[in-house]
Amino acid sequence: MAFVDEAKIYVKGGNGGQGCESFYRDLYMRHNRPDGGDGGKGGDVILKADRAVQTLLDFKFNQHHKAESGGHASSKNKTGRNGEDLLLRVPVGTLVKDIESGVLIKDLVEDGQTVMIARGGAGGLGNQNHKEPRPPEYGEEVTVTLELKLIADVGLVGFPNAGKSTIVSAISRVKSKIANYPFTTKSPILGFVKVENDDFTESSFIVADLPGIIEGAHQGKGLGDKFLKHAERTKVIVHVIDMGGTEGRDPLEDYAKICHELDEYSELLNTKQRLLVANKMDVEGAKENLKRFKEQYSDDILEISASEKQGLDEFIKKAGDLVK
Ligand SMILES: Nc1nc2c(ncn2[C@@H]2O[C@H](COP(=O)(O)OP(=O)(O)OP(=O)(O)O)[C@@H](O)[C@H]2O)c(=O)[nH]1
Ligand SMILES: [Mg+2]
């Protein structure tokens with residue numbers, strides 16, 4: 001499934017139904033009695049955030065959406081039926097913006113949240129009860145851009161091949177593609193992680209497997225730039241470092257470079273909680289690298305081996321605590 005995080009849609013509220021102009025007469029009435037009903041209201045177009053929707057892909061192919069028009073009225077005071085609202089489901093984290101001004105209309109950050117973006121037209125008025133008839137209104141026509149910025153609690157960042165997808169696949173039920181070549185992961189993937197706390201309660205967090213970052217990512221190199229924006233909305237950033245240096249790089253330099261890319265990308269990323277993770281601790285040389293890392297940077301780093309499933313319980317607990 002392709003991941004699409006931007007789309008443009010044209011929406012239109014339903015038109016109002018025609019009001020009716022008619023007169024009732026029978027043998028015994030001296031005057032005609034006006035009995036034309038009112039037209040129904042056109043349906044609204046509503047966007048709804050839905051956890052089950054992962055991308056804006058559908059809107060890439062279906063750009064035009066119109067709500068149902070209101071029904072026409074008839075004589076004997078019969079009102080036209082209201083048109084049905086059109087509900088469009090979008091991923092949680094979708095920003096709705098005015099196409100021309102770029103002004104934010106709504107940020108749909110919670111599951112189930114809705115926003116009405118095009119109002120249906122009012123129905124026409126009939127002449128019942130001696131009212132002045134009025135023509136129906138057209139539905140509102142609007143063009144908006146949808147922009148997805150994923151909302152996850154924990155985002156994994158690191159060089160390609162650091163083992164991010166291996167971690168996510170091991171701690172959640174999401175099977176993120178794992179392979180020994182850079183940029184295996186081409187779009188963010190969300191996983192749901194259960195935490196068993198010490199007091200026997202359970203909690204959970206959502207983890208985002210992000211594509212690998214390379215030097216120059218903040219200027220658009222590799223895939224990092226396009227996806228760093230998704231890191232902006234996570235609470236915790238986990239640095240995954242290939243402590244084994246399996247790609248022939250120095251893990252200490254890797255760490256410095258990723259920090260630099262995050263800093264350059266946005267100040268916001270700097271303010272987040274961070275968790276340092278030394279992965280591939282099963283590889284020869286990893287212990288020595290870690291020792292150097294601790295001397296130069298920080299003692300506060302979690303040792304794991306994702307492929308060997310070592311240290312992952314501790315990882316879940318630490319990440320879960322930081323989310324809280
Ligand atoms: N020895 C060892 N290899 C690991 C470990 N974790 C991951 N790997 C291997 O490292 C390679 C890359 O793993 P991925 O999980 O695909 O890495 P990634 O960070 O998601 O990479 P991109 O998606 O390309 O950014 C795979 O061949 C994994 O099997 C580990 O703890 N020890
Ligand atoms: Mg990956």
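Residues numbered from 1 in each chain as written. Chains lettered and ligands numbered in written order. Predicted model: local features only at pLDDT ≥ 70, side-chain atom pairs only at ≥ 80, totals over all residues. Heavy atoms only, no water.

Student: Please set out the domain arrangement of the chain residue by residue, giving values where relevant.
Tutor: Segmentation of the chain into domains returns domain 1 (6-148) and domain 2 (154-323). Put simply, the middle of domain 1 and the middle of domain 2, counted by C-alpha atoms, are 46 Å apart. Contact residues are listed per partner, giving 10 residues for domain 1 and 5 residues for domain 2. The largest per-residue losses of area from domain 1 upon contact with domain 2 belong to Arg-51, Gln-54 and Leu-148, which jointly make up 61% of the total buried on that side. Counting every contact that joins domain 1 to domain 2 gives 2 salt bridges. Between Arg-233 and Asp-107 there is a salt bridge whose closest N-O contact spans 2.8 Å. (Domains from an automatic or database assignment. Contact = heavy atoms within 4.5 Å. Buried area = accessible area lost by both parts, 1.4 Å probe. Salt bridge = Lys/Arg side-chain N within 4 Å of Asp/Glu carboxyl O.)

Student: Describe the nonpolar core, naming the residues involved and giving the relevant values.
Tutor: Among the nonpolar cores identified, the biggest contains 41 residues, and Ile-9, Leu-47, Ile-117 and Leu-146 are the most heavily contacted of them. Ranked by residues supplied to this core, first place goes to strand β10 (residues 141-148) with 4 residues. Shared between two domains, this core holds at least three residues of each, these being domain 1 (6-148) and domain 2 (154-323). Counting 23 residues, the second largest nonpolar core, distinct from the first, contains Leu-156, Ala-162, Val-168 and Phe-315. (Core = buried A, V, L, I, M, F, W, Y, C linked by side-chain atoms within 4.5 Å. Buried < 20%, exposed > 50% of the residue type's maximum accessible area, 1.4 Å probe, protein only. Helix = DSSP H or I, 4+ residues; strand = E, 2+ residues; numbered from the N terminus.)

Student: Outline empty space enclosed by the protein, listing residues and values.
Tutor: Taken as a whole and assessed by the stated rule, the structure comprises 2 cavities of 30 Å³ or more. What the largest cavity holds in volume is close to 50 Å³. Secondary structure elements with two or more residues in the lining of the largest cavity: β14 (236-242) and α4 (251-265). For the lining of the largest cavity, the element with the most residues is β14, which contributes 4 residues. Along the lines of polarity and charge, the residues of the lining of the largest cavity split into 6 nonpolar, 2 polar and 2 charged. (1 Å grid on protein atoms, 1.4 Å probe; cavity = no way out; pocket = protein on both sides within 12 Å on 5 of 7 lines; lining within 4 Å. Points joined across faces, edges and corners; volume = space filled by probe spheres on them. Nonpolar A, V, L, I, M, F, W, Y, C, P; charged D, E, K, R; others polar.)

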